[in-house]
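As a plain string of letters, each chain reads:
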Amino acid sequence: MNRLKQYAGLAGLVAVATAIGLWAFGATGGALPWAKRSARTLQRGLADGGGALVDFGRGIVIAGPIRKGGLVFEYAVVVAALLLVGVALYVYVDRYRDIGEQERTA
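Residues numbered from 1 in each chain as written. Predicted model: local features only at pLDDT ≥ 70, side-chain atom pairs only at ≥ 80, totals over all residues. Heavy atoms only, no water.

Asks: Whenever I open this one, the overall build of the chain confuses me. Can you help?
Replies: Broken down by element type, the chain carries four helices and zero strands. Along the chain, from the amino end to the carboxyl end, the secondary structure elements read α-α-α-α. The buried share among the 106 residues of the chain stands at 3%. Surface exposure of the chain reaches about 9900 Å², of which carbon and sulfur atoms provide 68%. (Helix = DSSP H or I, 4+ residues; strand = E, 2+ residues; numbered from the N terminus. Buried < 20%, exposed > 50% of the residue type's maximum accessible area, 1.4 Å probe, protein only. Areas by Shrake-Rupley, 256 points an atom, 1.4 Å probe, with all protein chains shown as cover.)

Asks: Sorry, what's going on with a nonpolar patch on the surface here?
Replies: A cluster of nonpolar side chains, contributed by Y7, L10, L13 and V14, occupies part of the molecular surface with about 440 Å² of accessible area. Mapped onto the elements of the fold, L13 is located in helix α1 (residues 3–27). What makes L13 exposed here is its relative accessible area of 58%. (Patch = residues over 30% accessible without salt bridge, like charges linked within 9 Å, V, L, I, M, F, W, Y side chains within 5 Å. Salt bridge = Lys/Arg side-chain N within 4 Å of Asp/Glu carboxyl O.)

Asks: How should the confidence of the model for the chain be read in this particular structure?
Replies: Close inspection of predicted coordinates is inappropriate for parts of the model with low pLDDT. Taken residue by residue, the chain gives an average pLDDT of 78. The fraction at 70 or more is 66%. Confidence, expressed as mean pLDDT per element, reaches its minimum in the chain at helix α3 (residues 64–68) with 66 and its maximum at α1 with 91. (pLDDT = per-residue confidence, 0-100.)

Structure representation (C-alpha cells):
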C-alpha cells in the first residue's frame, strides 16, 4: 500500500470523525447548557467569596460516585495496576534499548 492511499485513508477517517462529532455536538445542544451551568457556578463562587483551588487538608479527592458507591478499593486496585504497568513498561523499554544498542555495536 503506498503512502498516498494511507494518508488519504487517514484524512478520510479524520474527516468522518470530525463530521460525526460536529453533528453530535449540534444535536445535543452544543455548549450552551454547559456554558449556562458554568456561568452560574462562577457567579455563585464569586458571590460566596470563593475558596482554595486545591485543598490538601481534605485528603485524596475521589469522585463522588466512586466514593458513595463503595468502590474506593476497586478504584485503588485499578490505579495500582496502571501504575505497575507503567513502571513495567519503563523498565522493559530501558532494558530493550540497552540490548538493541549492544547488538548494533557488535
